[in-house]
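Summary of the model geometry
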Amino acid sequence: MDATFQEIRKLLGFGCMRLPMKDAQVDLEEFKAMVDRFLEEGFNYFDTAHPYLKGLSELALRDALTSRYPRNAYLLADKLTEPYFEKEEDIRPFFEQQLQWCGVDYFDFYLMHAQMENNYAKFNRCHAYEIAQELKKEGKIRHVGLSFHDRAAMLDTILTDHPEVEFVQIQFNYMDVTNPAVDSRRVYETARKHGKPVIVMEPVKGGSLAVLPERARQVLDRLNRERGSEHSAASYAIRYAAGFEGICMVLSGMSSLQQMKDNLSFMKDFSPLDDEEKKALSEVVKVFHGLNAIPCTACRYCIEENHCPKEILIPDIFACLNSRTVFKNQNADFYYREVLTDHNGKAGDCIRCGGCERVCPQHLPIRQHLEAAAALFEEKK
Ligand code: SF4
Ligand code: SF4
């Protein structure tokens, strides 16, 4: 593998899309403590993008990381995201701003963000891939890759069109591997067929594999009891993803020092899952399938990259619906009524324009799920 990939010291990367927050700002003290701990333990990979926390993630990295540590102490990945350019001439100024926001002179890794059929033509039309190569020649990017949110055939097309792409970032976790809507097993195989190192995102599926429903949790509790261990649900998910050949990095979107300590504890000296652990995860998948939870990862693309005309808080409503139907939480009704829809649109206000579904990386039938939410939370009022 290339020298820069060898500079990745550990298999776990710090995904900076769900940083600790306080009063709508990043909690810098907590974040600094997390950055310090992460580096102290020998990890060095940080991943951000401009839409993460509406630009606050990049700024927080400047304040907590790049202004406090020498440049060779960390590897930083950022991304070119589709809503921030309309024409070729927009790309360089946006990129230069990203360098400034992050407080660096170059990015170690720069990705064409969230590539899918809906936006790929625009990246090509604006020569985004070519501009990234020019920036690489100028020393402002060390490695160009892409993050991917579509089906395997689309990835095959992109990597055939652009063999210069050096690595691929995909969503890959033990639930999505068997989810036909995400197609992640074939996406992984396609990246490997093209000889690309793979970075994994969403190994705990936006947190939903970290806090399991009761029956699924019992499966892992039993395994822990039999083995005298206390491994968290997240640890099984991250170790699952990290155990595949060609995976050079697994990103975890850590939101607290406590979560980070858990992640570091099992990724410092990584060992892949053994057969018994893999078997337990297959049982967990079966439990999940029986529960019919909506597999939303709370990435928020549907409301941040798309402007919902009714300002419906889609991922929050799905979390509320899951909470009510999967976890049987009766407070969900109150939360839906008094918090989620007090100042925002209700599920039943959806005009079915479809804008949200066009950008959803999980390809969820959002309108259909909103109908179910409206039926559950609104009809009996
Ligand atoms: S389909 Fe409904 S939820 Fe989606 S963007 Fe349109 S109005 Fe909003
Ligand atoms: S509905 Fe789709 S786009 Fe919206 S937060 Fe969930 S996974 Fe992301």
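Rules and cut-offs
- Residues numbered from 1 in each chain as written.
- Chains lettered and ligands numbered in written order.
- Predicted model: local features only at pLDDT ≥ 70, side-chain atom pairs only at ≥ 80, totals over all residues.
- Heavy atoms only, no water.
- Helix = DSSP H or I, 4+ residues; strand = E, 2+ residues; numbered from the N terminus.
- Rg over C-alpha atoms; globule rule 2.2 N^0.38 Å.
- Contact = heavy atoms within 4.5 Å.
- Areas by Shrake-Rupley, 256 points an atom, 1.4 Å probe, with all protein chains shown as cover.
- Lys, Arg positive; Asp, Glu negative; His and termini not counted.
- Charge placed at Lys NZ, Arg CZ, Asp CG, Glu CD.
- Patch = residues over 30% accessible without salt bridge, like charges linked within 9 Å, V, L, I, M, F, W, Y side chains within 5 Å.
- Salt bridge = Lys/Arg side-chain N within 4 Å of Asp/Glu carboxyl O.
- Buried < 20%, exposed > 50% of the residue type's maximum accessible area, 1.4 Å probe, protein only.
- Near = heavy atom within 4 Å.
- Nonpolar A, V, L, I, M, F, W, Y, C, P; charged D, E, K, R; others polar.
- Pairing = 2+ DSSP bridges.
- Right-handed = clockwise from strand over helix to strand, strands pointing away.
- Domains from an automatic or database assignment.
- Buried area = accessible area lost by both parts, 1.4 Å probe.
- Polar contact = N/O pair within 3.5 Å; in protein donor to acceptor, adjacent residues only side chain to side chain.
- Phe/Tyr/Trp six-rings, centres within 6.5 Å; stacked < 30°, edge-to-face > 60°.

1. Digging into the overall build of the protein chain
Looking only at helices and strands, the protein chain has 17 helices and 10 strands in total. Relative to a compact globule of 381 residues, whose C-alpha radius of gyration would be 21 Å, the protein chain shows 20 Å and is just as compact. By sequence separation, contacts in the protein chain at least 24 residues apart represent 77% of the contacts at least 6 residues apart. For the protein chain, the exposed surface amounts to about 16700 Å²; the carbon and sulfur share of it is 48%. With 48 positive and 58 negative side-chain charges, the protein chain shows a spacing of 3 Å between the two charge centroids.

2. Let's talk about a nonpolar patch on the surface
Taken together, the side chains of Phe334, Tyr335 and Val339 make up a nonpolar region of the molecular surface, amounting to roughly 300 Å² of accessible area. Note that tyrosine 335 resides in helix H15 (residues 331–340). Under the relative-accessibility criterion, tyrosine 335 is labelled partly exposed at 40%.

3. Quick word on the site of ligand 1
In the vicinity of ligand 1 there are 13 residues, among which Cys308, Cys350, Cys353, Gly354 and Cys356 approach most closely. The class makeup of the residues in the shell around ligand 1 is nine nonpolar, two polar and two charged.

4. Let's talk about the pairing of strand E5 (residues 75–80)
Burial of E5 is extensive: six of the six residues sit out of reach of the surface. Alternating residues of E5 divide into Leu75, Ala77 and Lys79 and Leu76, Asp78 and Leu80, and every residue in both groups is buried. Bridge count for strand E4 (residues 45–47) against E5 is three bridges, and the pairing is parallel. Following the sheet pairing, tyrosine 45 is matched in E5 by leucine 75. Regarding the hand of the β-α-β motif, the stretch spanning E4, helix H3 (residues 56–66) and E5 is right-handed. As paired strands, E5 and strand E6 (residues 107–115) are joined by four bridges and run parallel to one another.

5. Concerning the domain arrangement of the protein chain
Taken domain by domain, the protein chain consists of domain 1 (3–289) and domain 2 (301–377). Domain 1 and domain 2 are separated by 26 Å when their C-alpha centres are compared. Counting from both sides, the interface comprises 18 residues of domain 1 and, opposite them, 10 residues of domain 2. Approximately 1100 Å² of surface area, both sides summed, lies buried where domain 1 meets domain 2, with 53% of it carried by carbon and sulfur atoms. Joining domain 1 to domain 2, the criterion identifies zero salt bridges. Summed over the shared surface of domain 1 and domain 2, the number is four residue pairs in polar contact (both at pLDDT 80 or more). The residue makeup of the side of domain 1 that touches domain 2, split by class, is nine nonpolar, five polar and four charged.

6. Section: the packing of aromatic side chains
A full pass over the atoms with the stated rule returns 21 aromatic pairs. Here tyrosine 45 and phenylalanine 109 contribute two aromatic rings whose centre-to-centre distance is 5.2 Å and whose plane-to-plane angle is 50°, an arrangement assigned as tilted. Separated by 64 residues along the polypeptide, tyrosine 45 in strand E4 and phenylalanine 109 in strand E6 bring together distant segments of the chain. By the burial criterion, tyrosine 45 is buried, and phenylalanine 109 matches it. With a centroid separation of 5.7 Å and 80° between ring planes, the pair formed by phenylalanine 95 and phenylalanine 107 is classed as edge-to-face.

7. Concerning the site of ligand 2
Looking at ligand 2, there are 13 residues lining it, with Cys296, Cys299, Arg300, Cys302 and Cys360 nearest. A per-class count over the shell around ligand 2 returns 10 nonpolar, two polar and one charged.

8. Some details on the pattern of salt bridges
Inspection of the entire model under this criterion finds 30 salt bridges. Note that aspartate 36 and arginine 68 form a salt bridge whose closest N and O atoms lie 3.1 Å from each other. Pair noted here: aspartate 36 is in helix H2 (residues 28–40) and arginine 68 is in the loop between H3 and E5, with a separation of 32 residues, a long-range link. By relative accessible area, which is 18% here, aspartate 36 ends up buried. Each of Arg227, Arg239, Asp274, Glu276 and Glu277 takes part in one network of salt bridges that share partners.

9. As for the environment of alanine 128
Relative to the elements of secondary structure, alanine 128 occurs in helix H6 (residues 128–137). Owing to a relative accessible area of 1%, alanine 128 belongs among the buried residues under this scheme. Once the C-alpha coordinates of alanine 128 and isoleucine 294 are considered, the two residues, 166 residues apart in sequence, prove to be 34 Å apart. Setting aside chain neighbours within four positions, we find alanine 128 in contact with Leu80, Ile91, Met112 and Phe123.

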